[in-house]
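For reference, the chains in residue letters:
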Amino acid sequence: MIGSHPEFEHIPTARRPEPRRSRSTRNSSKTTPLGRHFAINACLAPLYSLEGMHIITVEGIGNCRRGLHPVQERLAEAHGSQCGFCTPGFVMSMYALLRSSKQPPTKEQIEDSLAGNLCRCTGYRPIIDAFGVFAKTDDSLYTASPSESANGKAICPSTGKPCLCRNETDVNGNESSLLSSVKTYLPSSYNEIDGNAYNEKELIFPPELQLRKIMPLRLNGFNGVRWYRPLKLDQLLQLKSCYPEAKLIIGNSEVGVETEFKNAQYGVMISVTHVPELHTLKVEEDGLRIGSAVRLAQLQDFLKKVIAERGSLQTSSCQAILRQLKWFAGTQIRNVASVGGNICTASPISDLNPLWMSTGATFQIIDVNNNVRTTVAKDFFLGYRKVDLKDDEVLLSVILPWTRPFEYVKEFKQAHRRQDDIALVNAGMRVHITEAEGNWIVSDVSIVYGGVAAVPLTAGKTESFLVGKKLDYGLLDEAFNLLKEDIPLAENAPGGMVEFRSSLTLSFFFKFFLYVTHEMNTKGLSEGLDVANMSAIQSYTRPVTTGTQGYELVRQGTAVGQPMVHLSAMLQLPNFPLGSLVSSSQKMCPVLTILGQLDSSKKRILGQLSMMGRFLHLMSLLVLARSLESLWQTPMIMQKLLQIK
Ligand SMILES: Cc1cc2nc3c(=O)[nH]c(=O)nc-3n(C[C@H](O)[C@H](O)[C@H](O)COP(=O)(O)OP(=O)(O)OC[C@H]3O[C@@H](n4cnc5c(N)ncnc54)[C@H](O)[C@@H]3O)c2cc1C
Ligand code: FES
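So, here is what we can say about the structure in this document. Please read these numbers as outputs of a predicted model, since none were measured by experiment.

1. Comments concerning the overall build of the protein
Link 1 in the chain: Across its full length, the protein holds 19 helices and 25 strands.
Link 2 in the chain: In the protein, which comprises 645 residues, the proportion classed as buried is 50%.
Link 3 in the chain: By sequence separation, contacts in the protein at least 24 residues apart represent 69% of the contacts at least 6 residues apart.

2. A look at the packing of helix α9 (residues 296-310) against helix α10 (residues 316-326)
Link 1 in the chain: Running from amino to carboxyl end, α9 crosses α10 at an angle of 140°, the nearest separation of the two axes being 10 Å. When the interaxial angle is binned, α9 and α10 end up oblique. α9 and α10 meet at a crossing whose hand is left-handed. Between α9 and α10, the contacting residues are L296, L299, Q300, L303, K304 and I307 on the first element and C318, Q319, I321, L322, L325 and K326 on the second.
Link 2 in the chain: Of the residues belonging to the contact of α9 with α10, the class tally is 8 nonpolar, 2 polar and 2 charged.

3. What about the environment of S443?
Link 1 in the chain: Secondary-structure assignment places S443 in strand β19 (residues 439-450).
Link 2 in the chain: Given the relative accessible area of 31%, S443 is considered partly exposed.
Link 3 in the chain: In the structure, S443 is positioned 10 residues away from I433 in sequence and 5.6 Å away in space, judged by C-alpha atoms.
Link 4 in the chain: In this view, S443 contacts H432, I433, T434 and V467; residues no more than four positions away in its chain are not counted.

4. Considering the pairing of strand β7 (residues 226-229)
Remember that side chains alternate between the two faces of the sheet whenever the strand is regular.
Link 1 in the chain: As paired elements, strand β6 (residues 217-220) and β7 share 4 bridges and run antiparallel to each other. Bridging across to β7, L219 finds its partner in W227.
Link 2 in the chain: Counting the residues in the hairpin turn of β6 and β7 gives 5 residues, including N223, whose phi is positive at 55°.
Link 3 in the chain: Note: β7 against strand β9 (residues 268-271), 3 bridges, orientation parallel. Bridging from a neighbouring strand, R226 pairs with V268 of β9.

5. Observations regarding the packing of aromatic side chains
For any pair of aromatic rings, the description consists of the separation of the ring centres together with the inter-plane angle of the planes.
Link 1 in the chain: Going through the model one piece at a time under the given rule, you end up with 14 aromatic pairs.
Link 2 in the chain: Between F363 and F380 the ring centres are 5.0 Å apart and the planes differ by 90°, which places this aromatic pair in the edge-to-face class. Of this pair, F363 sits in strand β12 (residues 362-367) while F380 is found in the loop between β13 (372-376) and β14 (381-383), placing the two residues 17 residues apart along the sequence.
Link 3 in the chain: Take F363: its relative accessible area is 0%, and that puts it in the buried class.
Link 4 in the chain: The rings of Y473, F480, F509, F510 and F513 are connected pair by pair, giving a single aromatic cluster.
Link 5 in the chain: The ring centre of W327 lies 5.9 Å from the NZ or CZ of R418, which sits over that ring.

6. Overview of the pattern of salt bridges
Link 1 in the chain: Counting across every chain of the model gives 20 salt bridges.
Link 2 in the chain: We note a salt bridge from D388 to R373, for which the minimum N-O separation is 3.2 Å. Residue D388 is found in the loop between β15 (386-387) and β16 (393-401), and its partner R373 is found in strand β13; the two are separated by 15 residues along the sequence.
Link 3 in the chain: K378 is the salt-bridge partner of E463, the closest N and O atoms lying 3.7 Å from each other. Taken as a pair, E463 in helix α14 (residues 460-466) and K378 in the loop between β13 and β14 lie far apart in primary sequence, 85 residues in all.
Link 4 in the chain: Its relative accessible area of 31% is what places K378 among the partly exposed residues.
Link 5 in the chain: In the salt-bridge network here, residues are joined through shared partners; they are R373, D388, K390 and E393.

7. Observations regarding helix α16 (residues 498-522)
Link 1 in the chain: Look at α16: 36 Å from first C-alpha to last across 25 residues, which is about the 36 Å you get at 1.5 Å a residue.
Link 2 in the chain: Looking one or two residues beyond α16, the residue adopting positive phi is G524, at roughly 75°.

8. Comments concerning the site of ligand 1
Link 1 in the chain: For ligand 1, the set of nearby residues contains 29 residues, the closest of which are K247, L248, I250, S253 and S338.
Link 2 in the chain: Interatomic distance of 3.1 Å between a side-chain N/O atom of S292 and a nitrogen atom of ligand 1.
Link 3 in the chain: Elements with a contribution of two residues or more to the shell around ligand 1: β8 (247-249), α12 (339-345) and β16.
Link 4 in the chain: Sorting elements by how many residues they give to the shell around ligand 1 places α12 first, with 5 residues.
Link 5 in the chain: For the shell around ligand 1, the class distribution of residues is 14 nonpolar, 10 polar and 5 charged.

Cut-off values and rules
Every chain's residues receive numbers from 1 upward, in the order its sequence appears when written. Each chain is given a letter, starting from A, and each ligand a number, starting from 1, according to the order in which they appear as written. Reporting of local features is limited, given that this is a predicted model, to residues whose pLDDT is at least 70; pairs of side-chain atoms are given and counted only at 80 or more, and all residues count toward the totals for whole chains, interfaces and linings. Excluding hydrogens and water, the side-chain figures rest on all heavy atoms present in the structure. Helical segments are the DSSP runs of H or I of at least four residues, strand segments are the runs of E of at least two, and each set is numbered from the N terminus. Burial here depends on accessible area, computed with a 1.4 Å probe over protein chains only, as a share of the maximum for the residue type. Under 20% is buried, over 50% is exposed, and the range in between is partly exposed. Residue contacts follow a heavy-atom distance rule, with two residues in contact if any of their heavy atoms lie within 4.5 Å. Convention adopted: a line fitted to C-alpha atoms gives each axis, helices being fitted over their contacting stretch, and angles between N-to-C directions are expressed from 0 to 180 degrees. Here is the rule for angles: anything less than 35 degrees is roughly parallel, anything more than 145 is roughly antiparallel, 65 through 115 is roughly perpendicular, and the remaining ranges are oblique. Two helices that cross are described as forming a left-handed crossing if the nearer one is turned anticlockwise from the farther one by less than a right angle, and a right-handed crossing if clockwise. Residues are grouped as follows: Ala, Val, Leu, Ile, Met, Phe, Trp, Tyr, Cys and Pro are nonpolar; Asp, Glu, Lys and Arg are charged; all remaining types, including Gly, are polar. The pairing criterion for strands is at least two bridges between them, as found by DSSP. Any two rings among Phe, Tyr and Trp, with Trp reduced to its six-membered ring, count as a pair given centres within 6.5 Å; such a pair is stacked if its planes are under 30 degrees apart, edge-to-face if over 60, and tilted if neither. Lysine and arginine charges are scored as sitting over a ring when NZ or CZ, respectively, is within 6 Å of the ring centre and within 35 degrees of the ring normal. One speaks of a salt bridge when a side-chain nitrogen belonging to Lys or Arg is within 4 Å of a carboxyl oxygen belonging to Asp or Glu. Here a helix's expected span is defined as the number of its residues, less one, multiplied by 1.5 Å. The criterion for a residue being near a molecule or strand is simple. One of its heavy atoms has to lie within 4 Å of it. Each polar contact in these results corresponds to two N or O atoms within 3.5 Å; when the atoms are within protein, one needs to be able to donate a hydrogen and the other to accept it, and residues that are neighboring in sequence are counted only if both atoms are side-chain atoms.

As structure tokens, then:
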């Protein structure tokens, strides 16, 4: 990746070892930071693929000893962490967004950046509230006292309307808060060592890595696995001719799942992330040229730019792909997953393949002898996860043609959940309407569905029926009948929910019909839509989340019922506490001494656990170990730390 970008990359991940900060770089935030920050999923990032990059982990950005990072601090204070399982992921997503934004991000950007993070406990309100303070927004929303309206009533910072959300004291002296989520932000750094404000210590890109020359890699792993990283297309083709069966890797978001969960094994892997010829992003006369190794997040940025420059007429396909990418996985996946990886995986539920097919995209393929051939996307998918690519061939690029006047493209995806979910059914549809003898008729149409068969299916009969006809309501019944024939779903079709999915295929087409009718109507070439149907043509945009939690605070002289930050939150934010069994030859054994450097809070935890162990008459003692580099080291280190009687 470094070879293909002018900048270096930082890869923030949750729970990964952090390279030590050198003395010269520590606390030197004045140095201009180089590089871009990407949040990625640590579990899908092979260590080899990170060579030359700066890995920033949740432990690295702040901890209880050096001080929590403001992102960590906010999450704890706003009650955004309960069991703490998801917490490192949320922290790193937010951290990466802040580090990669030149301006404070908007609330929409914050929510988008968290789309790949799931939490089972807290609900998302406290998490989103916690990070809201980093958004470019009205500061008054985050002050303790809501502003007042003309009649003296408090204005709710959330809704902007008069309300009772100001804290009040009832007749019994109990404090009642109807808006717990909006509170003053008081930084509460948890510094046991030097007490510096955290922003004095923001991590920079290590100078050692700035000086590092990018080299081709040949690494040997366990069980004879070999990992190559060529730096040029020539080198890649040479490797491919030596190892035709070698697995190409880009984002590893597909291969990683295959090897982790499906027991797939690949002896030779070629990472093509540093091959510049596969990273092309070019505006050409006949369309866009998109290199196969281009990452989806990069493609999003590029499409936005092209659409802004070229206007809507030529870019209907670009707009459809951009809209589809919004609902493609989450940020962490889009930061690594590539265009070519998605195409060559040929998943029946790929969100992009129906669109490449319907837009008339073509694929350029190169073989080990440097011969380049072009195939239309429609002919590329041969069967279940099978594509028209020989062992000695590599997908080079995709050509996405410009759209013509009166040519409309639309994307569809229905999943159980909007974000970070795979499609139940998806589709790409395109129609070109031209004038013939005073009538505006369909001259070309393409309707492709995903999630309905082993490969994306083209609705051939429906397409033939529509060509040459005027697109109006009278066509719909026949088109629906033909669609049912084109896209049959057997009762026992894989994926189930057959009736629902069948109805989706029809409703997608109906929406497409309404969309095109509306577009033609805006040009005065078609009748208008019923008001009742207008909502069907709008792409879904999720409003920024707002929410409040109302509850009564009843003081009982204890912490019970009070909205207090729970103690373990501060420990969860840098890392989730690890548990390990330490065996003992005697029962009821107390911990006599703790060897090594543990701060007081850890000693307290160990002490409490020791008491608990005695109380429960357990043969073994559960020890919580924090800040240890890896799980598998824990038992060994804890044996050393504890002197057990
Ligand atoms: C959490 C999660 C969510 C996801 N959500 C979605 C979703 O919403 N929609 C969706 O469609 N998919 C989704 N996916 C699937 C996945 O992200 C995509 O298929 C992704 O685009 C694959 O790209 P990659 O670079 O990671 O591929 P890799 O895993 O690196 O490679 C995938 C395959 O492509 C081959 N390949 C790659 N480049 C080339 C080339 N140039 N020439 C020949 N072969 C090549 C590789 O050899 C390999 O077989 C999701 C995956 C995960 C893990
Ligand atoms: S899963 Fe999010 S705090 Fe438990």
